[in-house]
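Report on the structure
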Amino acid sequence: MNRATLNIVMGVILLGLAVAVYTSGEKKPAPKPPLTHLNAAAITSIQIDHEHAKPIRLVKQGTHWRLASPVNAAADPYAVSSLLDIATLPCQRTIKPLAVKMSDLGLAPPHYRMQFDKTTVEVGGIEPLKRRRYMKTGGRICLVRNPTAAGLSGKYENLVSRHLLSSPRSVISISLPNFTLIKTGKAHDSWTVSPEQPGAAKAAASQLANKWLSAESEWNEEVSRHKHKHRHAPHVQIRLEGGKTIDFLIVGRSPQFVLERPSIGLRYELSRAQGEALLSLTKVKPKQKQKPNRKPVESIKVAPPSSSTR
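Criteria and cut-off values
- Residues numbered from 1 in each chain as written.
- Predicted model: local features only at pLDDT ≥ 70, side-chain atom pairs only at ≥ 80, totals over all residues.
- Heavy atoms only, no water.
- Helix = DSSP H or I, 4+ residues; strand = E, 2+ residues; numbered from the N terminus.
- Buried < 20%, exposed > 50% of the residue type's maximum accessible area, 1.4 Å probe, protein only.
- Contact = heavy atoms within 4.5 Å.
- Pairing = 2+ DSSP bridges.
- Axes fitted to C-alpha atoms, helices over the stretch in contact; angles between N-to-C directions.
- Core = buried A, V, L, I, M, F, W, Y, C linked by side-chain atoms within 4.5 Å.
- Salt bridge = Lys/Arg side-chain N within 4 Å of Asp/Glu carboxyl O.
- Phe/Tyr/Trp six-rings, centres within 6.5 Å; stacked < 30°, edge-to-face > 60°.
- Disulfide = S-S within 2.5 Å.
- Lys, Arg positive; Asp, Glu negative; His and termini not counted.
- Polar contact = N/O pair within 3.5 Å; in protein donor to acceptor, adjacent residues only side chain to side chain.

Next up on the list: the overall build of the protein. When helices and strands are counted, the protein shows four helices and 17 strands. Within the protein, the fraction of its 310 residues that count as buried is 35%. Contacts in the protein between residues at least 24 apart in sequence constitute 56% of all its contacts with a sequence separation of at least 6.

It is worth spelling out the sheet that holds strand 14 (residues 235-240) at this point. With antiparallel pairing, eight strands are arranged side by side in an open sheet as 12-11-10-14-15-16-17-13. At either margin of the open sheet sits one strand with a lone partner, and together these are strand 12 (190-194) and strand 13 (219-222). Along the sheet, successive strands turn relative to each other by an average axial angle of 25°, direction set aside. When strand 15 (residues 245-252) meets strand 16 (residues 256-261), the two strands line up antiparallel, connected through three bridges. Bridge pairing in strand 16 places Gly252 opposite Val258. The strands touched by helix 3 (residues 204-214) within the sheet are strand 10 (171-175), strand 11 (180-184), strand 12, strand 14 and strand 16, with strand 12 carrying the most contacts at an inclination of about 105°.

Going from Ala108 to Pro109, the amide bond is cis rather than trans, its omega being 0°. Summarising the element assignment, Pro109 is placed in the loop between strand 5 (93-95) and strand 6 (112-116). The linkage connecting Ser194 with the following residue, Pro195, adopts the cis geometry, with an omega of -10°. Its place among the elements puts Pro195 in the loop between strand 12 and helix 3.

Formed by 62 residues in total, the largest nonpolar core has its most connected members in Ile46, Leu58, Leu83, Ile86, Met114, Trp212 and Ile238. Considering every element that reaches this core, the biggest residue donor is helix 3, with six residues. Residues contacting Ile46, with those up to four places away along its chain left out, are Ile56, Arg57, Leu58, Trp65, Val80, Leu83, Leu84, Met114, Gln115 and Phe116.

To continue, consider the pattern of salt bridges. When their charged atoms lie close together, side chains carrying opposite charge are able to pair. If you walk through the whole model with that rule in mind, you get six salt bridges. Arg132 is paired through a salt bridge with Glu127; the nearest N and O atoms lie 3.2 Å apart. Per residue, the accessibility class of Arg132 equals that of Glu127, and both read buried.

Strand order across the open sheet formed by nine strands is 4-3-2-1-6-7-8-9-5, with antiparallel pairing between neighbours. At either margin of the open sheet sits one strand with a lone partner, and together these are strand 4 (73-74) and strand 5. Across three bridges, strand 5 lies against strand 9 (residues 140-145) in antiparallel orientation. By the bridge assignment, Ile95 is partnered in strand 9 with Ile141. Sitting on the sheet, helix 2 (residues 77-86) is in contact with strand 1 (45-50), strand 2 (56-61), strand 3 (64-69), strand 6 and strand 8 (132-137), with an inclination near 95° to strand 6.

A complete count under the given rule lists two aromatic pairs for this structure. On the numbers, 6.4 Å between centres and 40° between planes, the contact of Trp212 with Phe248 is tilted. Remark: Phe248 occurs in strand 15 and Trp212 occurs in helix 3; sequence separation between them is 36 residues. Residue Phe248 is classed as buried on the basis of its relative accessible area of 0%. A centroid spacing of 6.0 Å and a plane angle of 70° characterise the contact between Phe248 and Tyr268, whose relative ring orientation is edge-to-face. Residue Phe248 is located in strand 15, and its partner Tyr268 is located in strand 17 (residues 266-271); the two are separated by 20 residues in the primary sequence. Among the aromatic residues, those joined into a cluster by ring pairs are Trp212, Phe248 and Tyr268.

Using the criterion set out here, one finds one disulfide in the structure. Between the sulfur atoms of Cys91 and its disulfide mate Cys142 the distance is 2.2 Å. Of note, the bridge from Cys91 to Cys142 carries an S-S torsion of about -105° and is left-handed in sense. Of this pair, Cys91 sits in the loop between helix 2 and strand 5 while Cys142 is found in strand 9, placing the two residues 51 residues apart along the sequence. We note that Cys91, like Cys142, is buried.

Glancing now at the environment of Val71. Note on placement: Val71 falls in the loop between strand 3 and strand 4. The class of Val71 is buried, set by a relative accessible area of 4%. Between the C-alpha atoms of Val71 and Ile56, which are 15 residues apart in sequence, the distance is 8.6 Å.

Another aspect to go through is helix 3. Residues of helix 3 that are buried include every one of Ala204, Ala205, Ser206, Leu208, Ala209, Trp212 and Leu213, and no others. In this structure, the buried side of helix 3 is in contact with strand 10, strand 11, strand 12, strand 14, strand 16 and helix 4 (272-277).

Considering the arrangement of structural elements, one finds Lys183 in strand 11. For the buried residue Lys183, which engages in no salt bridge, the nearest side chain bearing the opposite charge is Glu241, 5.2 Å off. At a separation of 3.2 Å, a polar atom in the side chain of Lys183 contacts the main-chain carbonyl oxygen of Arg169.

Below, the structure written as structure tokens:
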């Protein structure tokens, strides 16, 4: 290596060391303070109050969340998680309440209020530059990333679990329009069908029951509990241990399969194929007739006539 090349290599090394020393001396930006100092995992209740919507209340029972208002139903865990994230959103900028006019920030009155246990968060408008949301809590106003959590629109159905059955292990029978599936066996892990369905496969009852136990909708929609437009629709009744029942009405089959649960005023919308699969048993495949094993007829080769016979 000649001297010129050596000088270039040494220069590059020295430059790298200088950059490393300079950057090591830079101070890392301080983390942004959270909107609240709550521990999201310790929160046990969430209240959402909209001016033009029914109040929504969620409560934690053990490790699971449920809606307590406006209906009593299992909550979607992902939707609840997105709500809990709001409590700890980084406060991008803090504004003193006395320095601004609350109505200019959409906080007088607020668009809606959230309450995590005993901590209230008032939610205001959106600032136009970075589309951040004004939120007021504990006597301070914060600009935070605009949350898009389900339920913030005031539609409680966005928070209801999409699983048709929240306690599948407690189901003991499923009554469909044409037959009933009944849990049987010592371990209560097998199912039979009544009345017996000719042509049904041996495991068809268990297979169909498992489809119901794991079924979930593509989306939910609120309906009025006081309308009886579909009161004569085909009926499905799920019986649980202890005598409780869950009733569904089949109110649509095309283009979407729609199950309505009148007791909570909710519709579960599934794909047509998934819905139809919830109503039919797997059939035994007909045996194919075996073709008779015939020996091929051997062809008789005829020798060409000799020239002497012509």
